[in-house]
Amino acid sequence: MRTLITGGAGFIGSHLCDRFLAEGHEVIAVDNFITGTPENITHLLGNPKFKLIGHDISNPLKVKEKIDNILHFASPASPVDYLEHPIPTLKVGALGTHVTLGLAKAHGARYLLASTSEVYGDPLEHPQTESYWGNVNPVGVRGVYDEAKRFAEAITMAYHRVHNVSTHIVRIFNTYGERMRLKDGRVLPNFMYQALVGEPITVYGDGKQTRSFQYVSDLVEGVFKLLFTDDPNPVNIGNPAEITILEFAEEVKKLAGAESQIVFRPLPQDDPKVRQPDITRARKLLGWEPKVGRAEGLKRTMDYFRTKVQR
Ligand code: NAD
Ligand code: UDP
């Protein structure tokens, strides 16, 4: 089998490349490095089953080799990144999804879209089930990401209904692990960097907002299982262990053995107040369950960031 992964040089995309290669697939990664780095895949460059195409997937792409599976993971994902690149974010969610669906249709390939818990916006239902339609501000600063992903879900379902493409939609909740960029601006790299270098840990707002953090290997397992089902409807993949951001700051500080102060900074616009996946559907459909708890996942990720800080 040959699997094409957009965003393959990103944090999650590079772990997917590793997994599909380990399953014996040939892998084609497509990336324009807007937020990813070649460093994430240098270990794969000598592998004859791996190929990298430098390309902006918001523009059409022709691939000569027969493709069996397409995973569309290209998109800035950190709020800091998508606020810095609002138009490329809208384009890759809209045009990039159209291009990759067209490719899937042409090749008769299975298709999987990386969607997000952000489709639920600042949710009024808690925890979030897939049947909840969300509370998104379309004209707020985060709208460029949230609405692009909502459009992406809509066009994916349309390609399923109209063209009978075998599509899949994963709604990913906050995922972390090795190969996140140290300074991508998301809460975990920020806190880990700050704790490791002894800078103040910046909690936005009063820190009472919650998130539920999932370790990357659990996500990869869920994605792999979902791709080979015949169910086109969205599936939440996340770890339901919910924590406030202030508690999270304390947890990271303790793990690093840091002296850092915890300081409070203004809450960004439209920052969701709560977020926790209801994973009943993933459990039933995939027999999937997160396996790596925060204690273990944070330790592994901290070890990785230590090597980055020391350089
Ligand atoms: P990332 O920024 O590390 O990876 C994204 C990759 O996509 C990068 O390598 C980037 O260069 C590439 N890319 C972006 N636009 C592109 C374009 N137009 N053409 C080609 N390549 C392009 O982010 P990530 O955390 O690995 O996220 C990957 C995917 O998972 C994204 O689609 C994101 O929306 C989704 N997701 C991630 C999380 C999370 O917590 N990490 C949560 C929900 C959804
Ligand atoms: N956050 C924080 N300090 C930081 C970075 C983020 O308190 O240095 C908060 C942010 O306001 C949000 C949560 O942590 O409430 C998660 O933010 P992140 O950027 O990781 O992604 P989000 O879950 O909002 O998409």
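Further up the page is the structure itself.
Definitions and limits used
- Residues numbered from 1 in each chain as written.
- Chains lettered and ligands numbered in written order.
- Predicted model: local features only at pLDDT ≥ 70, side-chain atom pairs only at ≥ 80, totals over all residues.
- Heavy atoms only, no water.
- Helix = DSSP H or I, 4+ residues; strand = E, 2+ residues; numbered from the N terminus.
- Rg over C-alpha atoms; globule rule 2.2 N^0.38 Å.
- Buried < 20%, exposed > 50% of the residue type's maximum accessible area, 1.4 Å probe, protein only.
- Contact = heavy atoms within 4.5 Å.
- Areas by Shrake-Rupley, 256 points an atom, 1.4 Å probe, with all protein chains shown as cover.
- Lys, Arg positive; Asp, Glu negative; His and termini not counted.
- Charge placed at Lys NZ, Arg CZ, Asp CG, Glu CD.
- Phe/Tyr/Trp six-rings, centres within 6.5 Å; stacked < 30°, edge-to-face > 60°.
- Lys NZ or Arg CZ within 6 Å of the ring centre and 35° of its normal.
- Near = heavy atom within 4 Å.
- Polar contact = N/O pair within 3.5 Å; in protein donor to acceptor, adjacent residues only side chain to side chain.
- Nonpolar A, V, L, I, M, F, W, Y, C, P; charged D, E, K, R; others polar.

Caption draft 1: Spatial organisation of the overall build of the chain. In terms of helices and strands, the chain carries nine helices and 13 strands. Radius of gyration (C-alpha) of the chain: 19 Å, near the 19 Å computed for a compact globule of 311 residues. When burial is assessed residue by residue, the chain has 57% of its 311 residues classed as buried. Long-range pairs, those at least 24 residues apart, make up 81% of the contacts in the chain with a sequence separation of at least 6. Surface summary for the chain: the accessible area is close to 13200 Å², and the carbon and sulfur share equals 54%. The centroid of the 37 positive side-chain charges in the chain is displaced by 4 Å from the centroid of its 36 negative side-chain charges.

Caption draft 2: Expanded view of the packing of aromatic side chains. Evaluated as defined, the whole model comprises nine aromatic pairs. Aromatic pair F20 and F224: ring centres 5.1 Å apart, planes at 55°, arrangement tilted. Of this pair, F20 sits in helix 1 (residues 11–22) while F224 is found in helix 6 (residues 216–227), placing the two residues 204 residues apart along the sequence. Accessibility expressed as a relative area gives 0% for F20, which makes it buried. For F224, a relative accessible area of 14% translates into the label buried. One aromatic cluster is present, formed by F20, F224 and F228 through successive ring pairs. When the ring centre of F224 is taken as origin, the NZ or CZ atom of R19, which lies over that ring, is 4.5 Å away.

Caption draft 3: Molecular detail of unusual backbone geometry. The omega torsion across H126 and P127 is -10°, close enough to zero to call that bond cis. Relative to the elements of secondary structure, P127 occurs in the loop between strand 5 (110–116) and helix 4 (143–163). For N164, which is not a glycine, the phi torsion comes out positive at approximately 60°. Along the chain, the position of N164 falls in the loop between helix 4 and strand 6 (167–172). Residue N164 is classed as exposed on the basis of its relative accessible area, which comes to 64%.

Caption draft 4: Local environment of the site of ligand 1. Of all residues adjacent to ligand 1, which total 30 residues, the nearest are D31, T35, D56, Y145 and T175. The side chain of D31 places a nitrogen or oxygen atom 2.6 Å from an oxygen atom of ligand 1. Within the side chain of K149, a nitrogen or oxygen atom sits 2.8 Å from an oxygen atom of ligand 1. In isolation ligand 1 exposes 820 Å². Once the protein is present, 96% of that is buried. Mapped by element, the contributors of at least two residues to the shell around ligand 1 are helix 1, strand 5 and helix 4. Of the residues in the shell around ligand 1, the class split is 14 nonpolar, twelve polar and four charged.

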